[in-house]
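One-letter residues, chain by chain:
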Amino acid sequence: EYLTTSPKYQGRPVYRVWYGTNRAPIDPADPSKGFGNQRDSKINYGACIVEIPESHEFGSTGSSWIKRWIKRTDDRLKLHEVEPMDRARFVDFMRAKLASRPQGQRTTLIYIHGYNVDFNEAAIRAAQIGFDLKVDGETAFFSWASRGDVKAYVADGATIRASELHLQEFITTILDNPAAERIDILAHSMGNQALLGVMERIRQKKGTAAFNRIANIILAAPDVDIDEFR
């Protein structure tokens, strides 16, 4: 949701994205400080506020420091706020935001990131995708506990497999939201490994009717064995 005139952010253009994560909070006493790379035993819900500057270019989360120095413009997307919520408030708040939109504009995009991504980067990328695609509704993302380290491929592979039940809960929470007229799912890289397993679990538990409002499932650069995919 694009919030262009919020006085809380001094009039800066900001975008709200909803999150679910099985990352443990950096500070358990104050989850608003964000989430690290360790797994939690439960899913944490909430929303993030990301600034999208007027100099933003389609598909980019920000130029290199050299380009910023040359242009004398900071075009980086920035995470300003993490607002934790319990599941009930998350569901009610998201339902209200969708219901306030005209019919035909109550879409939810779910983004699942890939390997070597931390929580902040996932929030920023989700905002960039939702903003650039002009989502008619709300953008949400699931952030599994990737180490955010290029050397941690094996560890990330173990974590994504251990995250299926949490991802299933998150997707089911959004599928069960009656205000969402249409749902699109975009998974990138290693995130596809969990998504395929989750879709099969949901089909077995709820039947194919559970997918009636899913319009598109996009598997971007899927890190999945071709035989398993078939």
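Residues numbered from 1 in each chain as written. Predicted model: local features only at pLDDT ≥ 70, side-chain atom pairs only at ≥ 80, totals over all residues. Heavy atoms only, no water.

Asker: It is not clear to me how the overall build of the chain should be interpreted in this structure. Could you clarify?
Answerer: The secondary structure content of the chain amounts to 7 helices and 8 strands. Over its C-alpha atoms the chain spans a radius of gyration of 17 Å, differing by no more than 12% from the 17 Å that the globule rule assigns to 230 residues. When the backbone C-alpha atoms are referred to their principal axes, the chain occupies close to 55 × 45 × 35 Å. Counting over 230 residues, the chain shows a buried share of 48%. Restricting to contacts in the chain with at least 6 residues of sequence separation, those with at least 24 account for 77%. (Helix = DSSP H or I, 4+ residues; strand = E, 2+ residues; numbered from the N terminus. Rg over C-alpha atoms; globule rule 2.2 N^0.38 Å. Buried < 20%, exposed > 50% of the residue type's maximum accessible area, 1.4 Å probe, protein only. Contact = heavy atoms within 4.5 Å.)

Asker: What exactly am I supposed to notice about the pattern of salt bridges here?
Answerer: A side chain of one charge can pair with a side chain of the opposite charge if their charged atoms are brought near each other. In the structure shown here, the tally under the stated rule is 10 salt bridges. Linking Arg89 and Glu83 is a salt bridge whose minimum nitrogen-to-oxygen distance equals 3.1 Å. Overall, the relative accessible area of 25% leaves Glu83 in the partly exposed class. A salt bridge links Asp176 to Lys206; its shortest N-O distance comes to 3.4 Å. You can see Asp176 sitting in the loop between helix H5 (164-175) and strand S7 (182-188) and its partner Lys206 sitting in helix H6 (residues 191-206), a full 30 residues away along the chain. (Salt bridge = Lys/Arg side-chain N within 4 Å of Asp/Glu carboxyl O.)

Asker: What should I look at first to understand the packing of aromatic side chains in this one?
Answerer: Two numbers describe a pair of aromatic rings. These are the distance of the centres and the angle of the planes. In the structure shown here, the tally under the stated rule is 13 aromatic pairs. The interplanar angle of 55° and the centroid separation of 5.0 Å between the aromatic rings of Phe35 and Phe119 together place this pair among those described as tilted. On the criterion of sequence distance, the pair formed by Phe35 in strand S3 (residues 35-51) and Phe119 in helix H3 (residues 119-132) is long-range, its members being 84 residues apart. When sorted by exposure, Phe35 lands in the same class as Phe119, which is buried. Taken together, the ring pairs connect Trp18, Tyr45, Phe90, Phe93, Phe142 and Phe170 into an aromatic cluster. (Phe/Tyr/Trp six-rings, centres within 6.5 Å; stacked < 30°, edge-to-face > 60°.)

Asker: Can you walk me through the packing of H5 against H6 in this structure?
Answerer: When two helices pack together, their arrangement is given by the angle between their axes and by how far apart the axes lie. Direction vectors running N to C along H5 and H6 enclose 60°, while the axes themselves pass 9 Å from each other. Regarding the angle of H5 to H6, the classification is oblique. Both H5 and H6 take part in a crossing whose hand is right-handed. Contacts between H5 and H6 involve Glu164, Leu165, Leu167, Gln168, Ile171, Thr172 and Leu175 from the first element and Gln193, Ala194, Leu195, Gly197, Val198, Arg201, Ile202, Lys205 and Lys206 from the second. (Axes fitted to C-alpha atoms, helices over the stretch in contact; angles between N-to-C directions. Parallel < 35°, antiparallel > 145°, perpendicular 65-115°, else oblique. Left-handed = near helix turned anticlockwise from the far one by under 90°.)

Asker: How should the pairing of strand S2 (residues 14-25) be read in this particular structure?
Answerer: Here is the key point about a regular strand: its side chains alternate between the two faces of the sheet. With 12 of 12 residues buried, S2 is to be regarded as a mostly interior element. Where strand S1 (residues 2-3) and S2 come together, 2 bridges link them in antiparallel fashion. Within the sheet, the bridge partner assigned to Leu3 lies in S2 and is Val14. Strand direction decides the pairing type here: S2 and S3, joined by 10 bridges, are antiparallel. (Pairing = 2+ DSSP bridges.)

Asker: So what exactly am I meant to see when it comes to the side chain of Asp156 here?
Answerer: Among the structural elements, Asp156 can be located in helix H4 (residues 153-162). Although Asp156 lies buried, it forms no salt bridge, and the closest oppositely charged side chain, Arg147, sits 5.5 Å away as judged by the N-O distance. Those residues in contact with Asp156 that sit more than four places away from it in its chain are Tyr115, Asn116, Trp144, Ala145, Ser146, Arg147 and Met190. (Lys, Arg positive; Asp, Glu negative; His and termini not counted.)

Asker: Sorry if this is basic, but what is going on with the confidence of the model for the chain here?
Answerer: Low pLDDT means the predicted coordinates in that region are not meant to be read closely. Taken over all residues, the pLDDT of the chain has a mean of 92, while the share at 70 or more is 98%. The secondary structure element of the chain with the lowest average pLDDT is helix H1 (residues 65-71), at 71, and the one with the highest is strand S5 (residues 107-112), at 98. (pLDDT = per-residue confidence, 0-100.)

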